[in-house]
Number of protein chains: 2
Amino acid sequence: MNALFKALNDPTRRAILELLRQQPRTAGEIAEHFQFSKPTISHHLDLLRQAELVTSDKQGQFVTYTLNMTVMDELLGWLLQFKPGNDTNA
Amino acid sequence: MNALFKALNDPTRRAILELLRQQPRTAGEIAEHFQFSKPTISHHLDLLRQAELVTSDKQGQFVTYTLNMTVMDELLGWLLQFKPGNDTNA
DNA sequence: TAGATGTTTAGACAAATATCTAATTATATC
DNA sequence: GATATAATTAGATATTTGTCTAAACATCTA
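Summarised in this report is the structure supplied together with it. Please read these numbers as outputs of a predicted model, since none were measured by experiment.

Turning our eyes to something else, we now look at the protein's contact with DNA strand C. Around DNA strand C sit 24 residues in total, of which A:Thr26, A:Gly28, A:Pro39, B:Thr40 and B:Gly60 are the nearest. Here the residues of the surface near DNA strand C are counted per class, giving 7 nonpolar, 13 polar and 4 charged.

Given below as structure tokens:
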């Protein structure tokens, strides 16, 4: 849960997630969308991977990043605990 | 959105939210649940208030904090954009 | 094998963050 | 008014974070 909130606490990382919402992309393609250096984007991708918000797959020189929604579902569950009438974790 | 994710990116602040899920509490009551100093808790409460995750109400010497779910709904909306088949912000 | 391309690692640094103690403000009560 | 209680503000400090450049690693192709 910590890694998840940490990963989400950055506008660039959230923008990366929104990019990947459309389709998987390589590290270089992702970097093109931002003004930061490639190492910086690589670091952001690392944090997203640590939080399991993305998966990475290396094909030759290219590393393709794909959105992984299963962790988002965990966050969804955490959120719903606050919804009135929901007694989960009561 | 930034203030929201920032506020959520701390286990103590998330625990405070979970405490307030049961009922509103004063700053002192909240502080009793943790091992940190009162100023530290006061600071966490300030960040939660900045994110509008809680509201505060002063009655005499006491300041009562109450959970505010409306911002959580915003987060919920952000999350749902990632759900397949959801074309919001497409 | 050499060079080009894609990506990550290493190391440095400024800015932000979480924490503390001491001091201050606000209210209640004697 | 003086003192006690509730809470916040101020200032200090160690840690974490986001960014950069330079270097290294991995793969492809001529």
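What follows continues from the structure just given.
What follows is about the protein's contact with DNA strand D. A:Thr40, A:Gly60, B:Thr26, B:Gly28 and B:Pro39 are the nearest of the 24 residues found near DNA strand D. Counting residues per element, the ones that place at least two in the surface near DNA strand D are α4 (38-50) of chain A together with α3 (27-32), α4 (38-50) and β3 (62-67) of chain B. Top element by residues in the surface near DNA strand D is α4(B). It accounts for 5 residues. When grouped by side-chain class, the residues that make up the surface near DNA strand D number 7 nonpolar, 13 polar and 4 charged.

A separate point is the sheet that holds strand β2 (residues 54-59) of chain A. All names here are of chain A. Read across the open sheet, the 3 strands follow the order β1-β3-β2; overall the sheet is antiparallel. At either end of the open sheet lies a strand with only one pairing partner, and these are β1 (25-26) and β2. Pairing geometry for β2 and strand β3 (residues 62-67), over 6 bridges, is antiparallel. What sits directly across from Gln59, in β3, is Phe62. Packed on one face of the sheet, helix α2 (residues 11-22) meets β1, β2 and β3 and runs near 90° to β3.

With that out of the way, let us pick up the interface of chain B and chain A. Taken together, the contacts link 14 residues of chain B with 14 residues of chain A. Going through the elements one at a time, α1 (2-8), α2 (11-22) and α5 (70-80) of chain B are the ones with two or more residues in the side of chain B that touches chain A. Considering only residue class, the side of chain B that touches chain A consists of 10 nonpolar, 2 polar and 2 charged.

On to the relation of the copies chain B and chain A, then. For the pair chain B and chain A, the best superposition has an RMSD of 0.0 Å and corresponds to a rotation of 180° with a translation of 0.0 Å parallel to the axis. Read as a symmetry element, the transformation amounts to a two-fold axis.

Let us look at the nonpolar core. Among the nonpolar cores identified, the biggest contains 34 residues, and A:Leu48, A:Val54, B:Leu48 and B:Val54 are the most heavily contacted of them. Residue contacts for A:Leu48: discarding those within four places in its chain leaves A:Ala7, A:Arg13, A:Ile16, A:Leu53 and A:Val54.

With that settled, the discussion passes to the sheet that holds β3(B). All names here are of chain B. Strand order in the open sheet formed by 3 strands is β1-β3-β2, with antiparallel pairing between adjacent strands. Single-partner strands in this sheet number two, and they are β1 (25-26) and β2 (54-59). Against the sheet, α2 makes contact with β1, β2 and β3, and its axis sits at roughly 90° relative to β3, the strand it touches most.

The next subject is the packing of α2(B) against α4(B). Relative orientation and spacing of two packed helices are given, respectively, by the angle between their axes and the distance between those axes. Residue and element names in this part refer to chain B. Where α2 contacts α4, the two axes come as close as 10 Å, and the packing angle between them is 75°. On the basis of their axis angle, the class for α2 and α4 is roughly perpendicular. Where α2 abuts α4, its residues Thr12, Arg13 and Ile16 lie against His44, Leu47 and Leu48. Classifying every residue of the contact of α2 with α4 gives 3 nonpolar, 2 polar and 1 charged.

Time to look at the environment of B:Val63. All names here are of chain B. Here Val63 shows up in strand β3. Accessibility expressed as a C-beta count within 10 Å gives 16 for Val63, which makes it partly exposed. Residues Val63 and Thr26, spaced 37 residues apart in sequence, show a C-alpha to C-alpha distance of 5.3 Å. Among all residues touching Val63, those that are not within four sequence positions of it are Thr26, Ala27, Ser56 and Lys58.

All names here are of chain B. The terminal C-alpha atoms of α4 lie 18 Å apart, and with 13 residues this matches the ideal 18 Å at 1.5 Å per residue to within 8%. Within α4 the residues assigned to the buried category are Ile41, His44, Leu45 and Leu48. Across the axial projection of α4, the buried residues extend over an arc of 100°, all falling on one side. For α4, the elements touching its buried residues are α1, α2, α3, β2 and β3. Just downstream of α4, Glu52 is the residue with a positive phi angle, here 60°.

Conventions we followed
- Residues numbered from 1 in each chain as written.
- Chains lettered and ligands numbered in written order.
- Predicted model: local features only at pLDDT ≥ 70, side-chain atom pairs only at ≥ 80, totals over all residues.
- Near = placed C-beta within 6 Å.
- Nonpolar A, V, L, I, M, F, W, Y, C, P; charged D, E, K, R; others polar.
- Helix = DSSP H or I, 4+ residues; strand = E, 2+ residues; numbered from the N terminus.
- Pairing = 2+ DSSP bridges.
- Contact = placed C-beta atoms within 7 Å.
- Axes fitted to C-alpha atoms, helices over the stretch in contact; angles between N-to-C directions.
- Least-squares fit on C-alpha atoms with pLDDT ≥ 70 in both.
- Core = buried A, V, L, I, M, F, W, Y, C linked by C-beta atoms within 7 Å.
- Buried ≥ 20, exposed ≤ 12 C-beta atoms within 10 Å, placed from the backbone.
- Parallel < 35°, antiparallel > 145°, perpendicular 65-115°, else oblique.
- Expected span 1.5 Å × (residues − 1).
- Arc of directions from axis to C-beta.

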